[in-house]
Amino acid sequence: MHHSRLCAFVIDCKTDDLDASTTFWSQALGRAAEPPVPDSPTYRSVSAKPEEPMLLIQQVDHPGRIHLDIETDNLDAEVLRLEALGAKRVAFVKRWWVMEAPSGQRFCVVRPQRGPLDATNANVWP
């Protein structure tokens, strides 16, 4: 048995100025920009309520888009579950999987980002 839930919406920005992109999205959404995390230079975040998915701004080399992250307490089991639904593995990056839905959208399967997962706050899968 494992757990998973929607974790984050990630705004991919093909930009040389990640701070400017973060400022734009922060102001556009009326959310405060969070301080940069020293070990994650290509990511920024804007505030979200505890019950909302995280909102991340990511510096990328590909055209801009928005993708979602699914967090799980068992990466291998969740990837296998999603493959059984028709998703494909694209690449393992650092400690998460980039996957592609049958309809072509890319998304990531990541380890828990917002604390422990259990039956009260996440889906439970056999």
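Along each chain, residues carry numbers from 1 onward, in the same order as the chain's sequence is written. Where totals are concerned, whole chains, interfaces and linings use all residues; where local detail is concerned, this predicted model gives features only for residues with pLDDT of at least 70, and gives and counts side-chain atom pairs only at 80 or more. To obtain the side-chain values, all non-hydrogen atoms of the structure were included, while hydrogens and water were left out.

**Q** Report on the environment of L6, specifying residues and quantitative values.
**A** With respect to the element layout, L6 can be found in strand 1 (residues 2-13). Judged by relative accessible area, L6 falls into the partly exposed class, the value being 35%. In this view, L6 contacts P53, L68, D69, E71 and R114; residues no more than four positions away in its chain are not counted. Secondary structure elements are taken from DSSP: a helix is a run of H or I of four residues or more, a strand is a run of E of two residues or more, and numbering for both begins at the N terminus. Note on exposure labels: buried denotes an accessible area under 20% of the residue type's maximum, exposed denotes more than 50%, and partly exposed covers the range between, all computed with a 1.4 Å probe on protein chains only. Only heavy atoms matter for contacts: two residues are in contact if any of them lie within 4.5 Å across the pair.

**Q** So what's going on with the UniProt feature "domain: Glyoxalase-like" (unreviewed entry) in the chain? Which residues, and what values?
**A** Under the local residue numbering, the UniProt record ascribes the feature "domain: Glyoxalase-like" (unreviewed entry) to residues 9-110. For residues 9-110, the end-to-end C-alpha separation is 12 Å, with 22% helix and 38% strand making up the annotated structure. UniProt positions are given in the numbering used here, feature names are shortened, and annotations may be inferred rather than shown by experiment.

**Q** Lay out the nonpolar core in plain terms, naming residues and giving numbers.
**A** In these notes, a set of buried Ala, Val, Leu, Ile, Met, Phe, Trp, Tyr and Cys residues joined through side-chain atoms within 4.5 Å is what counts as a nonpolar core. Formed by I70, L75, V79, L82, A87, W97, M99, A101, F107 and V109, the largest nonpolar core amounts to 10 residues. Listed by contribution, the elements that provide at least two residues to this core are helix 2 (75-84), strand 6 (96-100) and strand 7 (106-110). Top contributing element to this core by residue count: helix 2, with 3 residues. Among all residues touching V79, those that are not within four sequence positions of it are R89, W97, M99 and V109.

**Q** Quick rundown of unusual backbone geometry? Include the residues and the values.
**A** Even without being a glycine, K94 presents a positive backbone phi close to 55°. Locating K94 in the fold gives a position in the loop between strand 5 (88-93) and strand 6. By relative accessible area, K94 is classed as exposed at 66%.

**Q** Give me the environment of S40: which residues, what numbers.
**A** Note on placement: S40 falls in the loop between helix 1 (18-29) and strand 2 (43-46). The exposure class assigned to S40 is partly exposed, which follows from its relative accessible area of 22%. Sequence separation of S40 and Q58 is 18 residues, and the distance between their C-alpha atoms is 9.7 Å.

**Q** Which residues make up the layout of surface pockets, and what values do they have?
**A** Here a cavity denotes a set of grid points, spaced 1 Å apart and computed over the protein atoms alone, in which a 1.4 Å probe fits but from which it cannot get out, and a pocket denotes an open set meeting protein on both sides within 12 Å along at least five of seven lines; residues with an atom within 4 Å of a point are reported as lining. Grid points are joined across faces, edges and corners, and a volume is the space filled by probe spheres set on the points. As a volume, the largest pocket reaches approximately 810 Å³. As for the largest pocket, its lining consists of 33 residues, of which Y43, L56, Q58, D69 and W96 are closest to the centre. Of all the secondary structure elements, the ones that give two or more residues to the lining of the largest pocket are strand 1, strand 2, strand 3 (54-59), strand 4 (65-72), strand 6 and strand 7. By residue number, the principal contributor to the lining of the largest pocket is strand 3, which donates 4 residues. Put simply, Ala, Val, Leu, Ile, Met, Phe, Trp, Tyr, Cys and Pro go in the nonpolar bin, Asp, Glu, Lys and Arg in the charged bin, and everything else, Gly too, in the polar bin. Within the lining of the largest pocket, the residues separate by chemical class into 14 nonpolar, 8 polar and 11 charged.

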